[in-house]
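# Fold and geometry: a report
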Amino acid sequence: MTCSADRRALLSALAAAVLASAPGLVWAQAASQAPDALVRSLSNEVLEAIKGDRSLQSGDIGRLNKLVDDKVLPYVNFEKMTQLAVGRGWRQASPEQRAALTREFRALLVRTYAGAVSQVTDHKVELRPFRAQPSETDVVVRTNVVPSRGDPIQLDYRVDKGDGGWKIYDVNVAGVWLVENYRSSFASEINQNGIDGLIKALTDRNRQLAGKK
């Protein structure tokens, strides 16, 4: 299945929005849900949130970050997401460097897709068949995002279960996993400039994106 740049940006925005906004959901209840039910609840809440919030539609970074901090942070495993994106270099990083990498990577994800959130309009999310054993703690929840016109587009989530319940740690937009998309560029930066070089590159990129707002 092919996906144009505009449609990929739109789906990336929806994926990032699931990681960055979903007001109105009872999160303690969401954490105890099965992984497919959790993704369904998040997706539906996100679509309604975007449609009803002009600040989100305008890509307001402050609004997105506030929602991440207040509502979503306990239910997305940003540290695991960052660890997988950084790859082997994660083992070399100190606790302080790991914290900085996680903070800057999260900020990058939010800033990268904030401007595309306004493209989400009349779309709906359909859950694809989900089968998992009760003992499984790492699963993929597959969905299709269906526009009013055109073909559905694949949007999948990797979700793992820990002491705090199910948490999202990777997103697949039209066949491209977010973590894999960043891994090669992160590895190249680490090989050339070390962990501190990657932190600096992420920080500089976030400052650049902030200057565009």
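In this report, we go over the structure that sits alongside the text. (Residues numbered from 1 in each chain as written. Predicted model: local features only at pLDDT ≥ 70, side-chain atom pairs only at ≥ 80, totals over all residues. Heavy atoms only, no water.)

This next bit is on the overall build of the protein. What the protein contains, in helices and strands, is 8 helices and 5 strands. Along the protein, from the amino end to the carboxyl end, the secondary structure elements read α-α-α-α-α-α-α-β-β-β-β-β-α. In the protein, buried positions account for 48% of the 213 residues. Once local pairs closer than 6 in sequence are excluded, the contacts in the protein between residues at least 24 apart make up 61%. (Helix = DSSP H or I, 4+ residues; strand = E, 2+ residues; numbered from the N terminus. Buried < 20%, exposed > 50% of the residue type's maximum accessible area, 1.4 Å probe, protein only. Contact = heavy atoms within 4.5 Å.)

Within the secondary structure layout, Asn144 lies in strand E2 (residues 138-146). Those residues in contact with Asn144 that lie beyond four places of it in its chain are Lys124, Val125, Glu126, Arg128, Pro152, Ile153 and Gln154.

On to the sheet that holds strand E4 (residues 165-173). Strand pairs in the sheet, formed through backbone hydrogen bonds, run parallel or antiparallel to each other. Reading across from one edge, E1-E2-E3-E4-E5 is the order of the 5 strands in this open sheet, with antiparallel pairing throughout. If you trace the sheet from one side to the other, it starts and ends with strand E1 (124-127) and strand E5 (176-177), each paired once. The sheet contact formed by E1 and E2 spans 4 bridges and is antiparallel. By the bridge assignment, Glu126 is partnered in E2 with Asn144. In this fold helix H6 (residues 78-86) packs onto E2, strand E3 (153-162) and E4, with an angle of close to 40° to the strand it touches most, E4. (Pairing = 2+ DSSP bridges. Axes fitted to C-alpha atoms, helices over the stretch in contact; angles between N-to-C directions.)

Time to look at the pairing of E2. Bridge analysis of E2 against E3 gives 8 bridges, and the strand direction is antiparallel. Within E3, the residue paired with Asp138 across the bridge is Asp160. Count of turn residues in the E2/E3 antiparallel hairpin: 6 residues, of which Gly150 carries a positive phi of about 100°.

Inspection of the entire model under this criterion finds 3 aromatic pairs. Both rings, one in Phe105 and one in Phe186, keep their centres 5.4 Å apart while their planes meet at 75°; by these two values the pair is edge-to-face. Of this pair, Phe105 sits in helix H7 (residues 95-114) while Phe186 sits in helix H8 (residues 178-212); the two residues are 81 residues apart in sequence, bridging distant segments of the chain. This pair shows no difference in class: Phe105 is buried, exactly as Phe186 is. Look at Tyr182 and Phe186: their rings are 5.6 Å apart centre to centre, the planes differ by 45°, and that puts the pair in the tilted class. You can see Tyr182 and its partner Phe186 sitting in helix H8, 4 residues apart, about one turn around the helix. Linked through ring pairs, Phe105, Tyr182 and Phe186 together constitute an aromatic cluster. Its guanidinium or amino end placed over the ring of Tyr169, Lys80 lies 4.0 Å from that ring's centre, counting from NZ or CZ. The residue whose ring lies beneath Arg158 is Trp177, and the NZ or CZ to ring-centre distance is 3.9 Å. (Phe/Tyr/Trp six-rings, centres within 6.5 Å; stacked < 30°, edge-to-face > 60°. Lys NZ or Arg CZ within 6 Å of the ring centre and 35° of its normal.)

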